[in-house]
Amino acid sequence: MTVSDGDLISELYAGCFRRLVIQLYAMTGDLAEAQEAVQEAFTRALVSPRRFAALENPEAWLRRVAVNWARSRYRRRRVLDGLLRRIGPPPAVADHSPEHLALLAALRVLPEGQRHALALHYLVDLPVDEVAATLGVSSGTVKSRLSRGRVALAALLADTDTSDATSTGTGTRCATDATETGRINVRS
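Here goes a summary of the coordinates provided. (Residues numbered from 1 in each chain as written. Predicted model: local features only at pLDDT ≥ 70, side-chain atom pairs only at ≥ 80, totals over all residues. Heavy atoms only, no water.)

1. Here's the deal with the side chain of glutamine 114
Here glutamine 114 shows up in helix α6 (residues 112-123). The class for glutamine 114 is buried, based on a relative accessible area of 13%. Excluding residues within four positions of it along the chain, glutamine 114 makes contact with Arg145, Arg148, Gly149 and Ala152. (Helix = DSSP H or I, 4+ residues; strand = E, 2+ residues; numbered from the N terminus. Buried < 20%, exposed > 50% of the residue type's maximum accessible area, 1.4 Å probe, protein only. Contact = heavy atoms within 4.5 Å.)

Now the structure itself:
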C-alpha cells in the first residue's frame, strides 16, 4: 500500500510538528515565532508535495526551512529595529479623548466604502480625485460616499450626544426633535 503525498505530509505534521516547534522555540526563544516558522515550512512543503515526498529525510528539510525562515525574519527585524532607533520614538498617534473614541466607534459602523472615503478625504486630506484613484472608483462615487457618510456619521454622533445629554438632563430639544420627526436634527 502506497502513501499519497498529502497523507505523507499529514503524517509528518502529526508526528513531528511538536518536536520541530520545540527545537525552534529553543533557537528563537519565542513560542509564537517558532510555531510560525514551522507552519511556514509545512506550507512550503505543500507547494510541491511530490518533490517533498521524494526527499530522503523530510523532517530534516522541514527543520532547515523553518530555521532559515526564522533567521531571515530575525535579520529583517534587526534591520528595522536599527532604523527605528535612528529616527527616534514614534509620534503619539492615539487620542484617547471621548470625542475621538466616539468618532472611531461611529466610523466602524459605517459601510466600508463610506468609511474609506471619509478617512482618506478628511483624515489623510486627499482631494476627491486622489481618493477616487486610491479606491479605484469614480469621483462621483467618492462624492456620493462622502455625502452619505457625513450624514450617517452625523446621525451616529448625534445619537451618542443625545444619549449622553439626555442622561444628564440637557439636550432634551435634540431628543424631542428626534422622536417627533423620526430624524435627528444634525445642525442643533
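Here the narrative resumes.
2. Considering the pattern of salt bridges
Inspection of the entire model under this criterion finds six salt bridges. A salt bridge links glutamate 33 to arginine 73; the shortest N-O distance between them is 3.1 Å. On the criterion of sequence distance, the pair formed by glutamate 33 in helix α2 (residues 31-47) and arginine 73 in helix α4 (residues 58-87) is long-range, its members being 40 residues apart. Here arginine 73 falls in the partly exposed class, since its relative accessible area comes to 25%. A salt bridge links arginine 73 to glutamate 36; the shortest N-O distance between them is 2.9 Å. Of this pair, arginine 73 sits in helix α4 while glutamate 36 is found in helix α2, placing the two residues 37 residues apart along the sequence. Several salt bridges share partner residues, and in doing so they unite Glu33, Glu36, Arg73 and Arg77 into one network. (Salt bridge = Lys/Arg side-chain N within 4 Å of Asp/Glu carboxyl O.)

3. A look at the environment of threonine 28
With respect to the element layout, threonine 28 can be found in helix α1 (residues 5-28). Not counting residues within four places of it along the chain, the set of residues in contact with threonine 28 comprises Glu33, Ala34 and Ala70.

4. Brief notes about the nonpolar core
Counting 21 residues, the largest nonpolar core has Leu24, Val38, Phe42, Phe52 and Leu62 as its most contacted members. Taken together, the elements giving at least two residues each to this core come down to α1, α2 and α4. What leucine 62 contacts, discounting residues up to four positions off in sequence, is Cys16, Leu20, Ala41, Phe42, Ala45 and Phe52. (Core = buried A, V, L, I, M, F, W, Y, C linked by side-chain atoms within 4.5 Å.)

5. Regarding the packing of α6 against helix α7 (residues 128-135)
Across the interface, α6 lies against α7 with an axial gap of 9 Å and an inter-helix angle of 135 degrees. One way to sum up the angle between α6 and α7 is to call them oblique. Two packed elements cross with a definite hand, and for α6 against α7 that hand is right-handed. Where α6 abuts α7, its residues His116, Ala117, Leu120 and His121 lie against Val128, Val131, Thr134 and Leu135. (Axes fitted to C-alpha atoms, helices over the stretch in contact; angles between N-to-C directions. Parallel < 35°, antiparallel > 145°, perpendicular 65-115°, else oblique. Left-handed = near helix turned anticlockwise from the far one by under 90°.)

6. Regarding a positive patch on the surface
Taken together, Arg71, Arg75, Arg76 and Arg78 make up a surface patch of like positive charges. Within the element layout of this structure, arginine 76 appears in helix α4. A residue is classified by how much of its surface remains accessible, and arginine 76, at 52% relative accessible area, is exposed. (Patch = residues over 30% accessible without salt bridge, like charges linked within 9 Å, V, L, I, M, F, W, Y side chains within 5 Å. Areas by Shrake-Rupley, 256 points an atom, 1.4 Å probe, with all protein chains shown as cover. Lys, Arg positive; Asp, Glu negative; His and termini not counted. Charge placed at Lys NZ, Arg CZ, Asp CG, Glu CD.)

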